[in-house]
Amino acid sequence: MAIIETVDLCKTFRSIKREPGIRGAFAALFSRDYEEKAAVHHVSFSLEPGEVVGYIGPNGAGKSTTIKMLTGILVPTSGQIRVAGLVPHEQRQANAENIGVVFGQRSQLYWDLPLRDSFELLRSIYDVPRNRYAENLAEFSELLDLERFMGTPVRQLSLGERMRGDFAAAMIHDPKIVFLDEPTIGLDVLAKEAIRSFVARVTAERGTTVVLTTHDLADVERLARRIILIDEGTVVYDGALERLREEYGTHRTLVVTLAEDYPEISIEGATLESREGTIARLRFDRRIISAEAVVRRVMAQYAISDIAIVEPDIESIVRRLYVEGYAVPAQAMRP
Amino acid sequence: MIVARKRFRLEPYVEFAKRAIAREATYRFDVFTGLGSFVVRIYLLRMVWFALYAHNAAPAGLPLHTIITYSAVALLMGLVLDIDQTRALHDRLHDGSIATDFMKPISVPLYFFADGTGEVLFHAALVIPGLILALLFVHIDVPSFPVFAAFALSFVLGYFVGFFLNFMLNCTAFWTLEISAVQLIVTWLTDLLGGQIVPLILFPAFLGKVVYALPFAAMFSTPLLIYIGTIPPSRYLEVMTLQLFWIVVLGAISTVMWRAGARRVVVQGG
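It should be emphasised that the depicted structure is a prediction, and the values quoted were computed from it without experimental measurement.

Draft legend 1. Main features of the overall build of chain B. Looking only at helices and strands, chain B has 14 helices and zero strands in total. Taking 270 residues into account, the globule formula puts the C-alpha radius of gyration at 18 Å, and chain B, at 20 Å, falls close to it. Expressed along its principal axes, the backbone C-alpha trace of chain B runs to roughly 75 × 40 × 35 Å. In chain B, buried positions account for 50% of the 270 residues.

Draft legend 2. Focus on the sheet that holds strand 12 (residues 279-285) of chain A. Residue and element names in this part refer to chain A. The four strands are arranged 11-12-10-13 in an open sheet whose pairing can be described as antiparallel. Two strands lie at the open edges of the sheet, namely strand 11 (271-276) and strand 13 (304-310), each paired on one side alone. The average angle at which neighbouring strand axes cross in this sheet is 20 degrees, direction not considered. Where strand 10 (residues 251-258) and strand 12 come together, seven bridges link them in antiparallel fashion.

Draft legend 3. View of the interface of chain B and chain A. At the interface, 30 residues of chain B touch 34 residues of chain A. Summed over both partners, the interface of chain B with chain A comes to about 2900 Å²; 57% of that surface belongs to carbon and sulfur atoms. Here chain B is connected to chain A by three salt bridges. For R9(B), the salt bridge is made with D127(A), and the minimal N-O distance between the two is 3.4 Å.

Draft legend 4. Seen up close, the packing of aromatic side chains. All names here are of chain B. Under the criterion given, the structure shown has 24 aromatic pairs over all chains. Between F102 and W258 the ring centres are 6.1 Å apart and the planes differ by 25 degrees, which places this aromatic pair in the stacked class. Linking F102 in helix 5 (residues 98-102) with W258 in helix 14 (residues 236-268), this pair joins segments that are 156 residues apart in sequence. Taken together, the aromatic side chains of F102, F113, Y159, F160, F163, F164, F167, F174, W175 and W258 make up a single cluster linked through ring pairs.

Draft legend 5. Region of the structure containing the nonpolar core. Residues I4(A) and W258(B) are the most contacted members of the largest nonpolar core, which totals 157 residues. Beyond its immediate sequence surroundings of up to four residues, I4(A) is in contact with F45(A), S46(A), L47(A), L70(A), R82(A), V83(A), I177(A), F179(A) and V211(A). One finds Y262(A), I265(A), V294(A) and V295(A) within the second-largest nonpolar core, a separate group that totals 15 residues.

Draft legend 6. Just a nonpolar patch on the surface, in detail. The grouping of V40(B), Y43(B), L44(B), M47(B), I128(B), I132(B), L136(B) and F137(B) at the surface amounts to a nonpolar patch, some 820 Å² of accessible area in total. Its place among the elements puts I132(B) in helix 7 (residues 127-137).

Draft legend 7. Representation of unusual backbone geometry within the structure. Residues and elements named next belong to chain A. Unlike most non-glycine residues, H42 shows phi in positive territory, near 50 degrees. At A84, a position not held by glycine, the phi torsion is positive, near 50 degrees. Mapped onto the secondary structure, A84 falls in the loop between strand 4 (78-83) and helix 3 (92-98). Judged by relative accessible area, which is 24%, A84 ranks as partly exposed.

Draft legend 8. The pattern of salt bridges, seen in detail. Evaluation of the coordinates by the stated rule reveals 34 salt bridges over all chains. With its nearest N and O atoms 3.0 Å apart, the salt bridge here joins R132(A) to E135(A). Within this pair, R132(A) and its partner E135(A) are both found in helix 5 (residues 130-144), separated by three residues, close to a single helical turn. For R19(B), the salt bridge goes to E15(B), with nearest N and O atoms at 2.7 Å. Here R19(B) pairs with E15(B), and both are found in helix 1 (residues 11-26), just four residues apart, close to one helical turn. For E15(B), a relative accessible area of 11% corresponds to the buried category. What emerges from the salt-bridge pattern is a single network uniting R132(A), E135(A), E139(A), D174(A), R201(A), E205(A) and R206(A).

The rules behind these values
Residues numbered from 1 in each chain as written. Chains lettered and ligands numbered in written order. Predicted model: local features only at pLDDT ≥ 70, side-chain atom pairs only at ≥ 80, totals over all residues. Heavy atoms only, no water. Helix = DSSP H or I, 4+ residues; strand = E, 2+ residues; numbered from the N terminus. Rg over C-alpha atoms; globule rule 2.2 N^0.38 Å. Buried < 20%, exposed > 50% of the residue type's maximum accessible area, 1.4 Å probe, protein only. Pairing = 2+ DSSP bridges. Axes fitted to C-alpha atoms, helices over the stretch in contact; angles between N-to-C directions. Contact = heavy atoms within 4.5 Å. Buried area = accessible area lost by both parts, 1.4 Å probe. Salt bridge = Lys/Arg side-chain N within 4 Å of Asp/Glu carboxyl O. Phe/Tyr/Trp six-rings, centres within 6.5 Å; stacked < 30°, edge-to-face > 60°. Core = buried A, V, L, I, M, F, W, Y, C linked by side-chain atoms within 4.5 Å. Patch = residues over 30% accessible without salt bridge, like charges linked within 9 Å, V, L, I, M, F, W, Y side chains within 5 Å. Areas by Shrake-Rupley, 256 points an atom, 1.4 Å probe, with all protein chains shown as cover.

The structure is reproduced here in structure tokens:
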């Protein structure tokens, strides 16, 4: 049985219509005209227990709105929603027992208190049995290296330390589901990796379902095998990460270092993406022309000193999807 | 689908209160400045009353030492009642962290109540050194035990009136996000119309009638007038019933405001 299920989930926000300028601002004080904006539009998906899904999309796509509805702090305009068998906005407190949340932009730790006190407080909030609490804390403390700053008030922690604390806090009560919203934003490479491996390990051990929203697609590649892509409130792709790469990642780039300075570079079947000095980047569609054929043509026409083929990373695939649209990828992306 | 309602657990709220005490204790500087300002204010008030009484006979039949007792006890009460114990509600609405509170399996208004109570309990502990200072610096009257017990009960009732006033005030942040201007006005009103600075019995006749009908009097004036004996034991029931009336009314308004505010958050996304 699915642990998270949404059917035709919609959320429409109403705001007072506002004309530009000072006059408009004053008029808005007395205005009765409303504007409606669909933040989430007929979103349906279902997750099995233990699944890790990347819920991604550009800014304002409706990611956070969906997460707020799944956590029960926002009431949907229409549609159905079930999280571990509960309707989150109707059973907010019961739903809260089942979930853990990490917001990269906002801490759930208690600002004035030492980190350890925040954990103690969470223990009593979630009524975690003492021995289980001790086990979890010991494990997390070791994985995230928390011991050093357990006694430090949260407001004095660095961002990396605070985020590590926040992850431990979100998992301390063994939630069935965790929502991670931009969890690695602003962190350095080492901290990102520490957190990713923590999430990978702890959620796999416990069979936790993970919903990850992020702009850093490296997070998704590292943790999720499935992604749901959302844009303008609508799901535009739902499936395996690999399939996305297969279907949309049809282009490769051949990076050529020229041995001589040529005024112009042109290869039949490939387009020149960029050129900086002696380094030229040629893009081709692997379904139309093979890498081998492109390499052969390059070597026939120019003297080269180095050559490399670059696979598209998920980041560039998604970036192109945002820009070029999602419909019929094979046609849309043909050069 | 029938969902068994989980048993209510008091433990998290006791913990919230304890952590609030611990948090307040970390601001040690505040404690000393609070006591320092108490001494300065009580000394200034004493000077003012001395000067006034030098030119006038006792107004409203209050002898000098009674009015000084009144002022000192009012300042001591202020150590507790002047705290905006639900400020956290405004703060968490303002920076949006209220969302994380709603994601926890707790009653959010009870959380604010517990947190505020912890804060107040910490500051209430300062009343003892404050009282010793008051006894050292100025002469204050100490009433008989039954009168003191009535005062204490009335003080607790006054605390709840103040709690709901503050809670309502902080609830307005659901709509306005910014409350400092309104707060300033309410602080002045409670100090002046509540009788903390000048006893309400010294107000001119018409104004005097109005101020007794306001909830502010239920905070400071009622317990204070019990303390100095202006309200005799025969009227205890009447004045405390009025305090209770305000608790019920303000509590009801607070509930309505909280529900409307929380609804606004869950419908409009804050």
